[in-house]
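# Working through the structure, step by step
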Amino acid sequence: MWIFNRVVIVLLLAGLFVLGVLMVLYSLDLAGYRLADLPLDSFNQALARPVRNLESGNLNILDVGALVLVALLGLVLLVLELKPPSPRRVQMQRGIYITRKAVETETTGVVDQNPEVLQSSVNVKAQRRPGAKVDVKASVRPEEDVPGVQSEVQDRVQRHLSQVGIPVSNLKVRLVETDPREAKTRVR
Amino acid sequence: MADNLQLARIVSQEALETEGVHSLGTGRYAEAATYGPGEKVTGVVVDRYEVRVHIVVRYPLVEPIPALAERVRERVASRAEGRPTTVVVEDLEVERGVDI
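Here the structure is a predicted model, which means the values were calculated and not measured. (Residues numbered from 1 in each chain as written. Chains lettered and ligands numbered in written order. Predicted model: local features only at pLDDT ≥ 70, side-chain atom pairs only at ≥ 80, totals over all residues.)

### A short note on the overall build of chain A
Quick reminder of the rule: We count a stretch as a helix when DSSP gives it H or I for four or more residues in a row; a strand needs E for two or more, and each element gets its number in order from the N terminus. Between the two quantities, the radius of gyration covers C-alpha atoms and the globule rule is 2.2 Å times the number of residues to the power 0.38. Buried means a residue has 20 or more other C-beta atoms within 10 Å of its own C-beta, exposed means 12 or fewer, and partly exposed covers the counts in between; C-beta atoms are placed from the backbone. Whether two residues are in contact is decided by their C-beta atoms, placed from the backbone, lying within 7 Å.
Looking only at helices and strands, chain A features 5 helices and 5 strands. For chain A, the N- to C-terminal ordering of α and β elements is α-α-α-β-β-α-β-β-α-β. For 188 residues, the compact-globule estimate of 2.2 N^0.38 gives 16 Å, and chain A exceeds it by more than 25% at 28 Å. The burial tally for chain A puts 17% of its 188 residues in the buried class. A sequence separation of at least 24 residues applies to 58% of the contacts in chain A between residues at least 6 apart.

Below, the structure written as structure tokens:
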């Protein structure tokens, strides 16, 4: 989110800069830019109605909606900006971390050992507290017993990560039925 | 009191001598190293505030990863001149000829 906010701020500041330069050019009638050429009247008229409505406390539903939307957007951006970023590494215990890549590799190895799994993808997220959030997406043939395979994969992953000592705070296994011919990485 | 580079060399040696450590990692997002004039020690970051060592664990494991990392941390901490010590397990390396 920091990157998004930074992009927004950079664009905003760039826009303000351009606007500032144009204002100087127009107000001093430089380089052929003349204040009289600007369609300020129509701009004033467009702005006058909502401002009048706002002053008289007589806003229509569209104006209220737009103001609420702007306020909500600002609030969401502010919250996202203030939220601390998620850590890059998984904390195992105090002073000891493991990279998300290492957890991914370990998990992928276990998931792929299951003969029913055609291909898999693993996504690991670190959290501010010890333990990793592991999301496994595995593809199986349409005729497979999906709940059975899902439970087996879940057990295997849980057991293996526990054996090697990688703490998992949240493990999700999602199975997708796939035509074996569409499996990209590996077909048994 | 050793300078950062000397300390990084000592920490590197201590970590590599720990049973179960295959090698030192190089960092994922940025190179994990301590730099000196014309020299660098990869896998150990020593600065004023902390000592951080990146390890690659040997597979099969001699013990669970946290226990091994804790042993490394204890060894390194005893040489870290009071600075907080962090161990980062960067990868697991399967030994040649081992069937997993």
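So, next bit.
### What about the overall build of chain B?
The helix and strand inventory of chain B stands at 2 helices and 6 strands. Listed N to C, the secondary structure of chain B is α-β-β-β-β-β-α-β in terms of helices and strands. Here the C-alpha radius of gyration of chain B, 13 Å, is about what a compact globule of 100 residues would show, namely 13 Å. Scored against the burial criterion, the 100 residues of chain B give a buried share of 38%. By sequence separation, contacts in chain B at least 24 residues apart represent 67% of the contacts at least 6 residues apart.

### As for unusual backbone geometry
Residues and elements named next belong to chain B. With an omega dihedral of 5 degrees, the bond running from Tyr 59 to Pro 60 counts as a cis peptide bond. In this fold, Pro 60 is placed in the loop between strand S5 (51-59) and helix H2 (65-77). In this model, Glu 81 sits at a positive phi of 55 degrees, which is unusual for a non-glycine residue. Counting through the fold element by element, Glu 81 comes out in the loop between H2 and strand S6 (85-94).

### Focus on the pairing of strand S2 (residues 96-99) of chain A
All names here are of chain A. Note the cut-off: The criterion for strand pairing is that DSSP finds at least two bridges linking the strands in question.
The alternating pattern of S2 places Ile 96 and Ile 98 on one face and Tyr 97 and Thr 99 on the opposite face, and all of these are buried. In terms of strand pairing, strand S1 (residues 89-93) meets S2 through 4 bridges, oriented antiparallel. Looking across to S2, one finds that Val 90 is bridged to Ile 98. With antiparallel pairing between neighbouring strands as the criterion, S1 and S2 make up a hairpin whose turn holds 2 residues, including Gly 95 at a positive phi of roughly 80 degrees.

### Let's talk about helix H4 (residues 100-113) of chain A
What counts is decided by this rule: Between the first and last residue of a helix there are one fewer steps than residues, each counted as 1.5 Å, and that sum is the expected span. Arc definition: it is the arc formed by the directions from the helix axis to the C-beta atoms.
When the terminal C-alpha atoms of H4 of chain A are compared, their 20 Å separation across 14 residues agrees well with the 20 Å that a helix rising 1.5 Å per residue should span. When we look at burial in H4 of chain A, the residues that qualify are Arg 100, Ala 102, Val 103, Glu 106, Thr 107 and Val 111 of chain A. Buried residues along H4 of chain A cover an arc of 165 degrees about the axis, so they all sit on one side. Tucked inside the fold, the buried residues of H4 of chain A contact S1, S2, strand S3 (117-126), strand S4 (132-140) and helix H5 (146-164) of chain A together with S6 of chain B.

### Some thoughts on the interface of chain A and chain B
Between chain A and chain B, the residue contacts involve 16 residues of the former and 18 residues of the latter. Of all elements in the fold, only S1, S2 and H4 of chain A reach the threshold of two or more residues within the side of chain A that touches chain B. When S2 of chain A meets S6 of chain B, the two strands line up parallel, connected through 3 bridges. Within the sheet, the bridge partner assigned to Ile 96 of chain A lies in S6 of chain B and is Val 87 of chain B.

### Re helix H2 (residues 40-55) of chain A
Side chains three or four residues apart in an α-helix point the same way, a direct result of the helix having 3.6 residues per turn. Residues and elements named next belong to chain A. What counts, and what does not: What is called the bend at a residue is the angle between a pair of axes, fitted to the seven residues leading up to and ending at it and to the seven starting from it.
With 16 residues, H2 should reach 22 Å at 1.5 Å per residue; the first-to-last C-alpha distance of 21 Å fits that figure. Considering bend angle alone, the principal kink of H2 is centred on Ala 48 and spans about 30 degrees; proline Pro 50 follows within four residues of it. Burial of H2 is sparse: only 0 of the 16 residues sit out of reach of the surface.

### Here we look at the domain arrangement of chain A
Defined as follows: All domain edges in this entry derive from an automatic or database-based domain assignment.
One can read the domain layout of chain A as domain 1 (2-82) and domain 2 (89-182). A C-alpha centroid distance of 48 Å is found between domain 1 of chain A and domain 2 of chain A.

### Brief notes about the confidence of the model for chain B
Where we set the bar: Along the chain, pLDDT gives the predictor's confidence residue by residue, from 0 to 100.
Put simply, chain B has an average pLDDT of 90, and 94% of its residues get 70 or more. The ipTM, which scores confidence in the relative placement of chains, is 0.90 for this predicted complex, and the corresponding pTM is 0.72.

### Looking at the packing of H4 of chain A against H5 of chain A
Residue and element names in this part refer to chain A. Stated formally: A fitted line through C-alpha atoms serves as each axis, taken over the contacting stretch for helices, and the angle formed by two N-to-C directions is quoted from 0 to 180°. Should an angle lie under 35 degrees it is considered roughly parallel, over 145 roughly antiparallel, and from 65 to 115 roughly perpendicular; all remaining angles are considered oblique. The sense of a crossing depends on the near helix, which, turned anticlockwise from the far helix by less than a right angle, makes the crossing left-handed and, turned clockwise, makes it right-handed. Residues are sorted three ways: Asp, Glu, Lys and Arg are charged, Ala, Val, Leu, Ile, Met, Phe, Trp, Tyr, Cys and Pro are nonpolar, and all the rest, Gly among them, are polar.
H5 packs onto H4 with a crossing angle of 140 degrees between their chain directions and a minimal axis gap of 9 Å. In terms of orientation, H4 lies oblique with respect to H5. Note on packing geometry: the crossing formed by H4 with H5 is right-handed. Between H4, through Glu 106, Thr 107, Val 110 and Val 111, and H5, the contact on the second element is made entirely by Val 153, Arg 156, Val 157, His 160, Leu 161 and Val 164. Looking at the contact of H4 with H5, its residues break down into 6 nonpolar, 2 polar and 2 charged.

### Concerning the environment of Tyr 49 of chain B
All names here are of chain B. Its location among the elements puts Tyr 49 in the loop between strand S4 (44-46) and S5. Here Tyr 49 falls in the exposed class, since 8 other C-beta atoms lie within 10 Å of it. A sequence separation of 42 residues divides Tyr 49 from Leu 7, and the C-alpha atoms of the two residues are 13 Å apart.

### Quick word on the confidence of the model for chain A
For chain A, per-residue confidence averages 86 on the pLDDT scale, and 96% of positions sit at 70 or higher. For chain A, the element scoring lowest by mean pLDDT is H2 of chain A, at 78; S2 of chain A scores highest, at 96.

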